[in-house]
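Below are the chains, spelled out letter by letter.
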Amino acid sequence: MSKKLISIVLSLSLALTAFAQNIEEREPADTLRPIQIEIKDTVTTAFLDSLVIDDALELNDYSMIGVNYGIGRAQTMFNPVKTQGNLNIPSYYGITYTKYGKFFGYMPYFGLQIGLFKGTDGYVFKPNDEGEYNVTVDGATKVVYDFIEVPLVAQFHIDSHNFKILADGGMYLGYRYKIHREGNFIFPDLMDDFTDYEYKWDYGFKVGLGAGLVFSPIEVHVKLNMRYGLGDIYRPDYASSEYYRFATPLDLILTIGVHYQLSRRSGKTKSQIKEQARRIVYGEEN
């Protein structure tokens, strides 16, 4: 038994000695080299080219100048009512200046537009079945005014990269500088002259709705405009001090305008770049 015990002890001692030598021959933990695993790139050029990334449009506070031309129909709102037709407006043209800005500093949907226009309006009465006119104004069955107009409107706009929706609303101030009457019972001296009871100044509301195509720096706008006069075309009591007569203009005009952007519609402008550089230099950049 003693010999077997001594043999087992010696065997264990030799095994422990060999294990200790094996540990000493290994490299320290800090000298172990990391395992390198190669991961193949699965994002190919073709995959990147197929990606569609939506680019949000951020509008600047930009301005533009435009030229506009239009045609339309004119009527006059008579009280008492008179049966009338639509008078063609052969031309309505002018220039506009538009300035867009951000409402509350972050809503880029609003702007102001001022313009100078020249146009015509008036009225024409309808004959009866026999071709006769039951109503006239001082013997005239048709009256045409030439006027100049200064509109000032607020413009609401919703933009995408190459398209925009427009809505206008505001006031206008006009001046009738020329008149022409037609009819069989007009005094010759009234054919092309104003009477002392007719008003030359005009004012009222102007609204519009339309759309535009944008190819910066050019924009093309198409709008349907309505002019609703608040001022009478003649003094209400000119014919009778007991029975007043009122008449105000109402015009519908379709216009097309070509506008040129005076400053950048989107992206950083020179002033914005300079301001950003100043903030970076002086440590004010957020």
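### Observations concerning unusual backbone geometry
The residue after Asn79, namely Pro80, is reached through a cis peptide bond having omega 5°. For Pro80, the position within the fold is in the loop between β1 (63-79) and β2 (87-103). The linkage connecting Ser216 with the following residue, Pro217, adopts the cis geometry, with an omega of 10°. By the element assignment, Pro217 lies in the loop between β6 (201-215) and β7 (218-229). The phi dihedral of Asp138 falls on the positive side, at around 55°, and the residue is not glycine. With respect to the element layout, Asp138 can be found in the loop between β3 (107-124) and β4 (142-159). Look at Asp138 and you get partly exposed, because its relative accessible area is 26%.

### A few points about the pattern of salt bridges
Scanning all chains against the criterion turns up 13 salt bridges. The closest approach of N and O atoms between Asp159 and Arg265, which form a salt bridge, is 3.0 Å. Residue Asp159 is found in strand β4, and its partner Arg265 is found in the loop between β8 (246-261) and α3 (270-281); the two are separated by 106 residues along the sequence. Neither Asp159 nor Arg265 differs from the other in exposure class; each is buried.

### Observations concerning the nonpolar core
Phe78, Tyr123, Val137, Val143, Tyr145, Ile233 and Tyr234 are the most contacted members of the largest nonpolar core, which totals 16 residues. Dropping the residues within four chain positions of it, Tyr123 is found in contact with Thr76, Phe78, Gln84, Leu87, Val137, Thr141, Lys142, Val143, Tyr145 and Ile233. Core analysis: the second largest hydrophobic core is formed by 8 residues, Ile89, Phe117, Val124 and Phe147 among them.

### Re the packing of aromatic side chains
How two aromatic rings sit relative to each other is set out by the distance from centre to centre and by the angle between their planes. Counted by the stated rule, this structure contains 12 aromatic pairs. Judged by centre distance (6.3 Å) and plane angle (50°), the ring pair of Tyr109 and Phe156 falls under tilted. Placement of the pair is Tyr109 in strand β3 and Phe156 in strand β4, with a sequence separation of 47 residues. Since its relative accessible area comes to 34%, Tyr109 is described here as partly exposed. Centre to centre, the rings of Tyr244 and Phe246 are 6.3 Å apart; their planes meet at 55°, and the pair counts as tilted. In this structure Tyr244 comes out as partly exposed when scored by relative accessible area, which is 43%. Since its relative accessible area comes to 35%, Phe246 is described here as partly exposed. Grouped by ring-pair contacts, the aromatic residues Phe78, Tyr123 and Phe125 constitute a single cluster. Looking at Lys82, its charged tip hangs above the ring of Phe78, at a distance of 6.0 Å from the centre.

### A short note on the pairing of β1
In terms of strand pairing, β1 meets β2 through 11 bridges, oriented antiparallel. Among the inter-strand pairings, Ile65 is bridged to a residue of β2, identified as Tyr97. Pairing geometry for β1 and β8, over 16 bridges, is antiparallel. Opposite Asn79, over in β8, you have Phe246 as the bridge partner.

### Examining the pairing of β7
Here β7 shows a buried face lined by Glu219, His221, Lys223, Asn225, Arg227 and Gly229 and an unburied face lined by Ile218, Val220, Val222, Leu224, Met226 and Tyr228. Two strands pair when backbone bridges link them, and β6 and β7 are joined in this way by 12 bridges, in the antiparallel orientation. Note that in β7 the partner of Phe205 across the bridge is Tyr228. Linking β6 to β7, which pair antiparallel, is a turn of 2 residues. Alignment of β7 against β8, held across 11 bridges, turns out to be antiparallel. Each residue of the ladder has a partner; that of Ile218, found in β8, is Tyr260.

Definitions and cut-offs
Residues numbered from 1 in each chain as written. Predicted model: local features only at pLDDT ≥ 70, side-chain atom pairs only at ≥ 80, totals over all residues. Heavy atoms only, no water. Helix = DSSP H or I, 4+ residues; strand = E, 2+ residues; numbered from the N terminus. Buried < 20%, exposed > 50% of the residue type's maximum accessible area, 1.4 Å probe, protein only. Salt bridge = Lys/Arg side-chain N within 4 Å of Asp/Glu carboxyl O. Core = buried A, V, L, I, M, F, W, Y, C linked by side-chain atoms within 4.5 Å. Contact = heavy atoms within 4.5 Å. Phe/Tyr/Trp six-rings, centres within 6.5 Å; stacked < 30°, edge-to-face > 60°. Lys NZ or Arg CZ within 6 Å of the ring centre and 35° of its normal. Pairing = 2+ DSSP bridges.

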